[in-house]
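Each chain, letter by letter, is given below.
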Amino acid sequence: MQKIELDYSTALISQQEIETYYTQLKPEIQCMQEALSQKYRTKYASLNMPFDHQLMQEVESIVAKKKLLNPSTLVVIGIGGSSLGIIAIQEFLQGTLYNAFNPPLKVYYAETIDPDYLANVLRLVKQELEQSNRVILNVITKSGTTTETIANFELFLDLIKQYHPHDYHEYIVATTDRNSALWKLSCDQNFTLIEVPKAVGGRYSIFAVGIFPLGMLGISIEQLVHGAQSAVRDSTCLEIAINHAALEAAIIYAHYLKKIAINDLFLFGVDAESLGKWYRQLMGETIGKEHDLLGNQVFRGITPTVSIGTTDLHSVGQLYLGGPYDKFWTFVFFTKNKHELTLPDMPIFEHCVSHIQGKPLSDILKAVYDGVTKAYAVHQRPYCTIVMPEKNAYYVAQFMQYQMIKMIYLSSLLSVDPFDQPQVELYKQETRKILSQ
Ligand code: PA5
């Protein structure tokens, strides 16, 4: 297998600066190396997730059992770290229009509690049940107490119960921490349970929470796991030529010190948009902190944004090239798409756009991408490029694991805790208080 490549020659940071910050990361790299033999006993527990063969096997056997029910529909109920990574991988691999092609298993997501959106999903699920089709619910909440997730679960469980009053529990899979409130309820109700290792934080938990729904949808768990494993190996290596996670963290940090505190992930693929949203949570929650590791109030953060090429060139491209020098871009380009389309040869269009007749769409996309990078060079805008050789499970998992480790390195340079999210917890507590009044 090839690897995703990082080209940082256009980052506009000197090699000397990069090496200085990279050297600062060496103790952190060593800590991560040591954590690899400690399973879930250190704060770096998530690094060991892709190597947890027991959990993978357990979940794969649950997938096999639930597939025997021959369901037509899967509803994934979760939010934040309990949904974003799943949607990112599923849409990236199967496309945002997946349900429209009558796949063997349709998938719907219930994240927030928007009554209009949920009414539509409930309607679609009800149609399935009316036709005697089976529907599996996968409720995912690490804490087991997230208001939105539990509220949504109640709605869908109520519906399932109407059609399966006696054996509804067969259709429910709950993914949560051992002994959470949802864990206890699931034991009482005889729901199938998948455990999220306690030490693995929400935004680092994709290889715990994602295995069941993605496996149900026919995505290769083996490929995902292998991709993630390869990223763990490379990203815990001391050599700068191999450890691109630490290298890119050093570059982003160097920009941060120069007051460039917006990081745009610019993905050249429509089906990659949710991957961008997953990245936004990862960076937002990991880096955005009121206090540093010494307890000083610092209000630190790098604002993550997401752009889709070429669409957003016609939206924010002007701002990016003509606006303030406050952004650093990470371009993500895919060498090979899943499909190849070639334009028909229609000379009548030659006067509209010349030199595209009879050309593969991928060549035109590459020409736009090269045009963008030329324009960035002219305007001295800093970016690095991640090149993914193919759009498959192996590379997307490699990419995500790489980003998770990069974020831990970046938080080390910025002296913030990469694993907590106190202000997210605060809004959750305040919501519960208001609801109790
Ligand atoms: O990263 C985090 O910890 C959060 O974004 C959580 O994933 C999110 O709030 C959902 O929490 P839970 O899985 O407990 O429902």
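Above this text you will find the structure in question.
Residues numbered from 1 in each chain as written. Predicted model: local features only at pLDDT ≥ 70, side-chain atom pairs only at ≥ 80, totals over all residues. Heavy atoms only, no water.

Novice: Where do I start with the overall build of the chain in this structure?
Specialist: The number of helices and strands found in the chain is 16 helices and 12 strands. For 437 residues, the compact-globule estimate of 2.2 N^0.38 gives 22 Å, and the chain sits close to it at 23 Å. Projected onto the principal axes, the alpha-carbon positions of the chain cover approximately 65 × 65 × 45 Å. Residues classed as buried in the chain amount to 51% of the 437 residues present. Contacts spanning at least 24 positions in sequence make up 77% of the contacts within the chain whose residues lie at least 6 apart. (Helix = DSSP H or I, 4+ residues; strand = E, 2+ residues; numbered from the N terminus. Rg over C-alpha atoms; globule rule 2.2 N^0.38 Å. Buried < 20%, exposed > 50% of the residue type's maximum accessible area, 1.4 Å probe, protein only. Contact = heavy atoms within 4.5 Å.)

Novice: Can you help me understand the site of the ligand in this one?
Specialist: Looking at the ligand, there are 14 residues lining it, with Ser82, Thr141, Ser143, Thr146 and Glu285 nearest. Within the side chain of Glu285, a nitrogen or oxygen atom sits 2.6 Å from an oxygen atom of the ligand. At 2.9 Å, a side-chain N or O of Lys428 approaches an oxygen atom of the ligand. Burial of the ligand by the protein amounts to 92% of the accessible area it has alone, namely 380 Å². (Near = heavy atom within 4 Å. Polar contact = N/O pair within 3.5 Å; in protein donor to acceptor, adjacent residues only side chain to side chain. Areas by Shrake-Rupley, 256 points an atom, 1.4 Å probe, with all protein chains shown as cover.)

Novice: What exactly am I supposed to notice about the pattern of salt bridges here?
Specialist: Working definition: two side chains of opposite charge can pair if their charged atoms are close together. All chains considered together, the criterion is met by 12 salt bridges. As a salt-bridge pair, Glu195 and Arg178 come within 3.1 Å of each other at their nearest N and O atoms. You can see Glu195 sitting in strand β6 (residues 192-196) and its partner Arg178 sitting in the loop between β5 (172-177) and α7 (181-189), a full 17 residues away along the chain. Residue class for Glu195 comes out partly exposed when judged on its relative accessible area of 28%. In this structure, Glu285 and Arg203 form a salt bridge, with 3.0 Å as the shortest nitrogen-oxygen distance. Taken together, the residues Glu285 in helix α12 (residues 273-287) and Arg203 in the loop between β6 and α8 (206-209) connect sequence positions 82 residues apart. Summarising the burial analysis for this pair, Glu285 and Arg203 share the class buried. (Salt bridge = Lys/Arg side-chain N within 4 Å of Asp/Glu carboxyl O.)

Novice: What is the right way to look at the state of the cysteines in this model?
Specialist: A covalent bond between the sulfur atoms of two cysteines is referred to as a disulfide. This structure, assessed with the given rule, holds 0 disulfides. Unpaired in terms of disulfides, Cys384 finds its nearest cysteine sulfur in Cys237, a separation of 19 Å. (Disulfide = S-S within 2.5 Å.)

Novice: Is there a simple way to think about the sheet that holds strand β10 (residues 303-308) in this case?
Specialist: Two pairing modes exist for strands in a sheet, parallel and antiparallel, and in both the strands are linked by backbone hydrogen bonds. Spatially, the 5 strands line up as an open sheet ordered β1-β12-β11-β7-β10, and their pairing is mixed. The open sheet has two edge strands with one neighbour each: β1 (5-7) and β10. Taken over all neighbouring pairs, the strand axes of this sheet differ in orientation by 20° on average, direction set aside. Where strand β7 (residues 262-267) meets strand β11 (residues 327-334), 6 bridges bridge the pair, whose relative direction is parallel. The residue of β11 that forms the bridge with Asn263 is Phe328. Set on the sheet, α12 makes contact with β7 and β10; between it and β10 the angle comes to about 175°. (Pairing = 2+ DSSP bridges. Axes fitted to C-alpha atoms, helices over the stretch in contact; angles between N-to-C directions.)

Novice: When you look at helix α14 (residues 361-378) in this model, what are you seeing that I'm missing?
Specialist: For an α-helix, the turn length of 3.6 residues means that residues three or four places apart are oriented alike. With 18 residues, α14 extends 26 Å between its outermost C-alpha atoms, agreeing within 8% with the 26 Å of an ideal straight helix rising 1.5 Å per residue. The complete set of buried residues in α14 reads Tyr369, Val372, Thr373 and Tyr376. Looking straight down α14, one finds its buried side chains confined to an arc of 95°; they lie on one side. Residues of α14 that are exposed and point over 90 degrees away from its buried face: Lys374 and Val378. (Expected span 1.5 Å × (residues − 1). Arc of directions from axis to C-beta.)

Novice: Honestly, the sheet that holds β5 in this entry has me stumped. Any pointers?
Specialist: With respect to topology, 5 strands assemble into an open sheet ordered β3-β2-β4-β5-β6, the strand pairing being parallel. Two strands close off the open sheet at either side, each with one partner strand: β3 (106-110) and β6. Going across the sheet, the axis of each strand differs from the next one's by a mean of 15°, ignoring polarity. Across the sheet, helix α5 (residues 115-130) lies against β2 (73-77), β3 and β4 (135-140), angled at about 145° from β3, the strand it touches most.

Novice: Would you take a moment to explain the environment of Leu321 for this structure?
Specialist: Within the secondary structure layout, Leu321 lies in helix α13 (residues 317-322). What makes Leu321 partly exposed here is its relative accessible area of 21%. With 59 residues separating them along the chain, Leu321 and Gln380 place their C-alpha atoms 8.9 Å apart. If we ignore the near neighbours within four places in the chain, the residues touching Leu321 are Ala375, Tyr376, His379 and Arg381.

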